[in-house]
Amino acid sequence: QVQLVESGGRPVQTGDSLRLSCAASGDTFSNYVMGWFRQAPGKEREFVAAISWGGGMAYYDDSLKGRFTISRDNAKNTVYLQMNSLKPEDTAVYYCAAKPRTAVVGRSDFGSWGQGTQVTVSS
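Let me begin by describing the structure that accompanies this report. (Residues numbered from 1 in each chain as written. Predicted model: local features only at pLDDT ≥ 70, side-chain atom pairs only at ≥ 80, totals over all residues. Heavy atoms only, no water.)

Throughout the structure, instances matching the rule amount to 1 disulfide. There is a disulfide in this structure between C22 and C96, and the S-S distance comes to 2.1 Å. The sign of the S-S torsion, about -80°, decides the handedness of the disulfide formed by C22 and C96: left-handed. Note that C22 is positioned in strand 3 (residues 18–25) and C96 in strand 9 (residues 92–100), a separation of 74 residues in sequence. No difference in accessibility class separates C22 from C96, as the two residues are buried. (Disulfide = S-S within 2.5 Å. Helix = DSSP H or I, 4+ residues; strand = E, 2+ residues; numbered from the N terminus. Buried < 20%, exposed > 50% of the residue type's maximum accessible area, 1.4 Å probe, protein only.)

Below is the structure:
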């Protein structure tokens, strides 16, 4: 099973950009569809984006499409989340997740999770 470690979260200001990274180990990275989720204080975890095993297909939550971009580098075993025009409501712990490459590139059925990285956006 793949192990996931997120990094890149930090305090930022409204309007800033930030790129999160998630490094995978323990299995062949291209065997997995990768995703990003987030959980704000007092709220349930929500889907952000997912990307196919080869990077050719990406799927986003409609509310974030246009500001957030998911990408991956299979040579580096890493998936990224580029976040632009950040808002205070983007404040959350961001989680990386993985599911088998045969799965649908969507928001469900992720079975492997990282520990999360905190993003705090102040006004």
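In this section: the packing of aromatic side chains. For the structure shown, the criterion picks out 5 aromatic pairs. Consider the rings of F37 and F47, whose centres lie 5.5 Å apart with planes at 75°: the pair is edge-to-face. With F37 in strand 4 (residues 32–39) and F47 in strand 5 (residues 46–51), this residue pair connects regions lying 10 residues apart in the sequence. In this pair, the class of F37 matches that of F47, namely buried. Cation over ring: R72 sits above F29, and NZ or CZ is 4.3 Å from the ring centre. In this structure, K99 packs its charged tip against the face of F110, placed 4.4 Å from the ring centre. (Phe/Tyr/Trp six-rings, centres within 6.5 Å; stacked < 30°, edge-to-face > 60°. Lys NZ or Arg CZ within 6 Å of the ring centre and 35° of its normal.)

This part takes up the pairing of strand 11 (residues 117–122). On strand 11, burial follows the alternation: T117, V119 and V121 on one face are buried, whereas Q118, T120 and S122 on the facing-out side are not. As paired elements, strand 2 (residues 11–13) and strand 11 share 3 bridges and run parallel to each other. If you follow Q13 over to strand 11, its bridge partner there is S122. With 3 bridges joining them, strand 9 and strand 11 adopt antiparallel strand pairing. (Pairing = 2+ DSSP bridges.)

Right, let's get into the pairing of strand 8 (residues 78–83). Judged by how many residues are buried, strand 8 sits mostly within the fold: 5 of 6 residues are covered. Sheet analysis places strand 3 next to strand 8, joined by 6 bridges and oriented antiparallel. Across the sheet, the residue bridging to C22 is V79, located in strand 8. Of the strand pairs in this sheet, strand 7 (residues 68–73) and strand 8 are connected by 6 bridges, and their pairing is antiparallel. Considered in strand 8, the bridge of D73 is made with T78. Hairpin connection between strand 7 and strand 8: a loop of 4 residues separates the two successive antiparallel strands, and N77 in this loop has a positive phi of roughly 55°.

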